[in-house]
Amino acid sequence: MIERGLLIVLSGPSGVGKGTVRKALFEQEDIKLQYSISATTRRPREGEVDGVDYFFKEREEFEHMIENKKLLEWAEYVGNYYGTPIDYVEETLASGKDVFLEIEVQGALQVKEAFPEGLFIFLAPPSLSELKSRIVNRGTETEDLINNRMRVAKEEIELMDAYDYVVENDKVENACARIQAIVTAEHCRRDRVSARYKRMLEVE
Ligand SMILES: Nc1ncnc2c1ncn2[C@@H]1O[C@H](COP(=O)(O)OP(=O)(O)OP(=O)(O)O)[C@@H](O)[C@H]1O
Ligand SMILES: Nc1nc2c(ncn2[C@@H]2O[C@H](COP(=O)(O)O)[C@@H](O)[C@H]2O)c(=O)[nH]1
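Residues numbered from 1 in each chain as written. Chains lettered and ligands numbered in written order. Predicted model: local features only at pLDDT ≥ 70, side-chain atom pairs only at ≥ 80, totals over all residues.

Under an unreviewed UniProt entry, the name given to the protein is Guanylate kinase, and the source organism is Priestia veravalensis. Recorded under Subcellular location (unreviewed entry), the UniProt text for the protein is reproduced unchanged: "Cytoplasm". We quote the UniProt Function (unreviewed entry) comment for the protein here in full: "Essential for recycling GMP and indirectly, cGMP." (UniProt positions renumbered as here; feature names shortened; annotations may be inferred.)

Novice: I tried to follow the site of ligand 2 on my own but got confused; where do I start?
Specialist: The immediate surroundings of ligand 2 are formed by 15 residues, with Ser38, Tyr82, Ile103, Glu104 and Gly107 found nearest. Taken together, the elements giving at least two residues each to the shell around ligand 2 come down to β5 (71-77), β6 (80-85), β7 (98-103) and α4 (105-114). Class assignment of the residues belonging to the shell around ligand 2 gives a composition of 4 nonpolar, 6 polar and 5 charged. (Near = placed C-beta within 6 Å. Helix = DSSP H or I, 4+ residues; strand = E, 2+ residues; numbered from the N terminus. Nonpolar A, V, L, I, M, F, W, Y, C, P; charged D, E, K, R; others polar.)

Novice: Mind showing me how you'd approach the UniProt feature "binding site: ATP" (unreviewed entry) in the protein here?
Specialist: UniProt's entry tags Gly12, Pro13, Ser14, Gly15, Val16, Gly17, Lys18 and Gly19 with the feature "binding site: ATP" (unreviewed entry), counted in the numbering of this structure. Residue placement: Lys18 occurs in helix α1 (residues 18-27). Taking the number of C-beta atoms within 10 Å as the measure of exposure, Lys18 has 20 and is therefore buried. Dropping the residues within four chain positions of it, Lys18 is found in contact with Leu10, Gly12, Glu102 and Leu123. Summarising the element assignment, Gly19 is placed in helix α1. (Buried ≥ 20, exposed ≤ 12 C-beta atoms within 10 Å, placed from the backbone. Contact = placed C-beta atoms within 7 Å.)

Novice: I'm lost on unusual backbone geometry in this one. Help?
Specialist: Comment: phi is negative for the bulk of residues other than glycine, and the bulk of peptide bonds are trans. Phi angles above zero are rare outside glycine, and Lys69 is one such case at about 55°. Mapped onto the elements, Lys69 comes out in the loop between α2 (59-67) and β5. Residue Lys69 is classed as exposed on the basis of its C-beta count, with 8 C-beta atoms lying within 10 Å.

Novice: Before we go on, may I ask you to explain the pairing of β7 in this structure?
Specialist: It is a general feature of regular strands that their side chains alternate between the two faces of the sheet. Burial within β7 is extensive, with 5 of its 6 residues counted as buried. In this structure, strand β1 (residues 7-11) lies alongside β7, joined through 5 bridges in parallel fashion. Paired with Ser11 across the strands is Ile103, a residue of β7. (Pairing = 2+ DSSP bridges.)

Novice: Honestly, the site of ligand 1 in this entry has me stumped. Any pointers?
Specialist: The full set close to ligand 1 counts 13 residues, and Ser14, Gly17, Gly19, Thr20 and Arg134 are the nearest of them. Broken down by secondary-structure element, the contributors of at least two residues to the shell around ligand 1 are α1 and α5 (128-138).

Novice: I'm lost on the pairing of β6 in this one. Help?
Specialist: Pairing geometry for strand β3 (residues 39-40) and β6, over 2 bridges, is antiparallel. Its bridge partner lying in β6, Ala39 is registered against Gly83. Pairing between β5 and β6: 6 bridges, direction antiparallel. Along β6, the bridge assignment pairs Glu73 with Thr84.

Novice: Honestly, the UniProt feature "domain: Guanylate kinase-like" (unreviewed entry) in the protein in this entry has me stumped. Any pointers?
Specialist: Taken from the UniProt record, the annotation "domain: Guanylate kinase-like" (unreviewed entry) applies to residues 5-184. When the span residues 5-184 is considered, its composition is 43% helix and 23% strand, and the gap between its end C-alpha atoms is 13 Å.

Novice: I keep staring at the sheet that holds β6 and nothing clicks. Help me out?
Specialist: What links the strands of a sheet is backbone hydrogen bonding, and the strands pair in either a parallel or an antiparallel sense. Strand order across the open sheet formed by 4 strands is β4-β3-β6-β5, with mixed pairing between neighbours. Across the chains shown, the open sheet's two edge strands, defined by having one partner strand only, are β4 (55-56) and β5. Against the sheet, helix α3 (residues 86-94) contacts β5 and β6, and its axis sits at roughly 25° relative to β6. (Axes fitted to C-alpha atoms, helices over the stretch in contact; angles between N-to-C directions.)

Novice: Quick question: what am I supposed to make of the packing of α1 against helix α7 (residues 172-189) here?
Specialist: Running from N to C, α1 and α7 point in directions that differ by 65°, and their axes come no closer than 9 Å. Overall, the two elements α1 and α7 adopt an arrangement that is roughly perpendicular. Pair α1 / α7 crosses with right-handed handedness. On α7, the residues that touch Thr20, Val21, Ala24 and Leu25 of α1 are Val172, Ala175, Cys176, Ile179 and Gln180. (Parallel < 35°, antiparallel > 145°, perpendicular 65-115°, else oblique. Left-handed = near helix turned anticlockwise from the far one by under 90°.)

Have a look at this one:
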């Protein structure tokens, strides 16, 4: 019997560096995680590719996905829908591979309801002023959107205790190392090695 993979949720306020840390993490050879590409009604930013960064949808299409229960979770965030296609997550976990979600806090809390056995990591900024500088310097949002994202960020930070771990993203390489250590420890804690030995003994 194939053991199910681990569902890992990385969440945290906009601009904290989730995408940057995730990309750095996935570049490491010894990390074997499958990234779940989200659906969104947000317009693509310069350089973003449909099916790579997001599945870009019209609002009607997204609402159709909600009605047809095609999403594991979804949220309306600063005027746009974002959601996790459920089939990819279910199929990948069933095949024994770990799935990595990078989502905002309302969605993460929905996933926690559906998958309490998941691993929930909150990425925190060194300070609110550093968070704002990161969003401003990224140069992708208007001033209004930056203010809205900062307002939501404060609400999100208040919910960090709902997570299994809080990781500070001071430097990208530090945050990656911390997340890698957490995932490795979680695999050990879930006794995968001992389960393998138990199966070997059953065959003996
Ligand atoms: N540790 C860090 N130190 C300094 N800058 C960082 C760090 N991590 C990320 N950044 C920068 O902060 C900006 C925001 O990062 P990123 O887009 O990865 O955030 P995010 O949390 O994925 O945002 P969103 O939720 O809006 O998609 C980027 O310009 C990125 O280069
Ligand atoms: N609840 C969900 N949130 C998601 C998902 N995919 C991305 N996100 C989060 O939305 C905000 C804004 O993203 P941006 O790309 O417009 O900057 C950010 O916090 C993302 O992590 C999802 O499937 N579900």
